[in-house]
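# Fold and contact review
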Amino acid sequence: MEGAEYASDMREGEVLSDPESAVADKPKPMAFEEKDAVYLGFDFSTQQVKALAIDCNLKVICEASVLFDRELPEFRTHGGVNHGADSLTATAPAIMWVKALDMLMDKLRVNGLDFSRVAALSGAGQQHGSVFWRTGAGATLRALQPDQFLHQQLESAFSVRNSPVWMDSSTAEQCRRLEEYVGGPQKLADITGSRAYERFTGNQISKLHQVNPEAYKNTERISLVSSFGASLFLCEYAGIDLSDGSGMNLLDIRKHDWDQHCLDACAPGLRSRLGAPLASAARWLGAVGPFWVERYGLEPECGVVGFTGDNPASLAGLRLRPGDLALSLGTSDTVFACLERPQPALQGHIFVSPASADRYMALICFKNGSLTREKYRDLCADGSWDTFNQLLATAPSGNLGNLGIYWGEQEISPRGVGTHRRDPEGRPVEAFDKHTELRAVVEGQLLAKRAHAERLGFEIGPETRVLATGGASKNLALLQIAADVFNSSVYTHDVANSACLGAAYLARLGRARQAAGDTSFEAVTAAAEPFQLACRPRPDAQQRYAALEAEVAGAQ
Ligand code: XUL
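Once a new chain begins, its residue numbering starts again from 1 and follows that chain's sequence as written. Since the coordinates come from a predicted model, pLDDT governs what is reported: local features require at least 70, and pairs of side-chain atoms require 80 or more to be given and counted, while whole-chain, interface and lining totals use all residues. Side-chain calculation: all heavy atoms of the structure are included, whereas hydrogens and water are not.

A strand pair is defined by DSSP finding two or more bridges across the two strands. Segments assigned H or I by DSSP are reported as helices when at least four residues long, segments assigned E as strands when at least two residues long, and all are numbered from the N terminus. Across the sheet, three strands lie side by side as β4-β5-β8; this open sheet has antiparallel pairing. A single partner strand is all that each edge strand has here, and the edge strands are β4 (82-83) and β8 (162-164). Pairing of strand β5 (residues 90-93) with β8 involves three bridges; the strand directions are antiparallel. Following the sheet pairing, Pro93 is matched in β8 by Asn162. Note on contacts: a residue pair qualifies if any of its non-hydrogen atoms lie within 4.5 Å across the two residues. Between the N-to-C directions of two axes lies an angle of 0 to 180 degrees, each axis being a line fitted to C-alpha atoms and, for a helix, fitted only over the stretch in contact. Sheet contacts for helix α3 (residues 94-110): β5 and β8; angle to β5, the most-contacted strand, approximately 45 degrees.

Here it is as structure tokens:
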């Protein structure tokens, strides 16, 4: 029977009966006066589910969150995740996310949200995680009863109880096979925006099909965490958003369709299980299901806009425009950039942009971020950021040609480990004095970010803005070096919950487009608070860093 089922797999170009295809016939959402409208953004993140509501002036009017470990202890997660004995597998129970949503909605109500004002909602999900819906679950979604909790009704909706999440790294074998099948890692990156990564969903599905073919066979639909969230609100399966779908190693990021070769390499019958990807960014999917109207008092016209990944939603929350780059300086450092002409490479990722499908975003994760800066603060500056900054100031920018790479942890971009110091002639050296060391740590990290971003197609121009977020964005000495390295002004903006906020912006964008056609993201977020200028590049910055830049690019 399995063979017959696989033979019916749909091919490229074939029309799927997806809830989205019915959207065009639905009435335009005119039921709310814009001045009263509220937009809700959810974030199904790793450790918690959060939501915030904004009004028509983009002011946050209500927030709530549910922390998995603390508020749902029965699932025994650590940081929202269950780690396998092999230390490679990482999963989370999909039903835990459902139960958390039941609780979150009640908290929003208690916190005073008037659900009848919500004109549209959207959301973000931790990227790459997958939800496997058991055969028949679509019918259950359509028949949700408002007098019961969601989690009571969806208890047996999943063919795989524990959903693989982004921290999983158990699919090295599947990654190797996929790259081989499509003609090598760069070929796969050219199609899907990334070489094969263990956490990417195609490889996770491939593993599931191999180790648990029965569960795969009993699966009628596979969602990302994002489209799973949208499906709950729509009470029907929602398509996968193009931006979040770019984190699967399955989507052709230029054709906006699944790549048949990649599907074939991962598992049979995959196209029909994934459904058609959404046709545009911030896609209006239709109205919330009757469950939400009757249980929470949402209006029947309240719209669901395609949910996206947490990183794309953060890019929207930070309101990056083409030519901008965001530096998120946290435990690990992340670079986001908004691109028009992407060049997929062997490091970093290219995703379709969350706000307009003809643009792209680059995402590069660096494992050695704050922990490295803190380690050298402790070693060279007695644990004091003030001393750290004073020492930084005593070494000139460009560090007289001295350069360091500090990968205390196995680095992701690029793969590597160890500490490497070079003198101005490029000779390896064992140690630097304190001020040279600290400058080498900071300049090395920032130059690597510039090299990786440029390799993915990021072009620094006169209009480029670097937006710094995260703990280290409070450090002005560090931001000045960022301004000099990127030869661009650096801005800061305290955006708490950028993914939730971005999702709320996308909800507003989706509704505006549905009502009035081609509205831009910039237009619907124009009222948001502007960024604050932190530092301008010094006039000779470019010249000071030119030689080092070339050297760092060669070492990455
Ligand atoms: C990005 C990634 C993580 C998750 C975290 O590729 O794996 O940032 O999205 O939620």
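Let us now look at the site of the ligand. Whether a residue is near a molecule or strand depends on its heavy atoms: if one lies within 4 Å, it is near. Neighbouring residues of the ligand: Thr46, Gln126, Gln127, His128, Trp166, Arg199, Asp310, Asn311 and Leu363. Between the ligand and Asn311 there is a distance of 3.0 Å, counted from an oxygen atom to a side-chain nitrogen or oxygen. Computed by Shrake-Rupley with a 1.4 Å probe, the accessible areas treat only the displayed protein chains as cover when residues are assessed. Isolated, the ligand exposes 290 Å² of accessible area, and the fraction of that covered by the protein chains is 89%. When grouped by side-chain class, the residues that make up the shell around the ligand number two nonpolar, five polar and two charged. Here a polar contact is recorded for every N or O atom pair within 3.5 Å, except that within protein the pair must consist of a potential hydrogen donor and a potential acceptor, and residues adjacent in sequence are included only if both atoms are side-chain atoms. Following the grouping adopted for this structure description, the nonpolar residues are Ala, Val, Leu, Ile, Met, Phe, Trp, Tyr, Cys and Pro, the charged ones are Asp, Glu, Lys and Arg, and the polar ones are all others, Gly among them.

For the bond running from Ser413 to Pro414, omega is -5 degrees, close enough to zero to count as cis. Take Pro414: it is sitting in the loop between β19 (403-411) and β20 (416-422). At His256, a position not held by glycine, the phi torsion is positive, near 60 degrees. Looking at where His256 falls in the secondary structure, it is placed in the loop between β10 (251-252) and β11 (257-258). Any residue under 20% of the maximum accessible area for its type is buried, any over 50% is exposed, and the rest in between are partly exposed; the area is computed with a 1.4 Å probe on protein chains only. You can call His256 partly exposed: its relative accessible area is 23%. In this structure, Asn497 is a non-glycine residue whose phi angle is positive, near 55 degrees. Inspection of the secondary structure puts Asn497 in the loop between β23 (489-492) and α20 (498-516).

Many structure descriptions define interface size as the accessible area lost when the parts assemble. How far each domain reaches was decided by an automatic or database domain assignment. Looking at the protein, the domain boundaries give domain 1 (22-312) and domain 2 (370-492 + 534-555). If you average the C-alpha positions of domain 1 and of domain 2, the two centres end up 37 Å apart.

Here we come to the side chain of Ser163. If you trace the backbone, Ser163 turns up in strand β8. Only 2.8 Å separates the side chain of Ser163 from the backbone oxygen of Ser130, close enough to count as a polar contact. Those residues in contact with Ser163 that lie beyond four places of it in its chain are Ala90, Thr91, Ala92, Ala94, Trp97, Ser130 and Val131.

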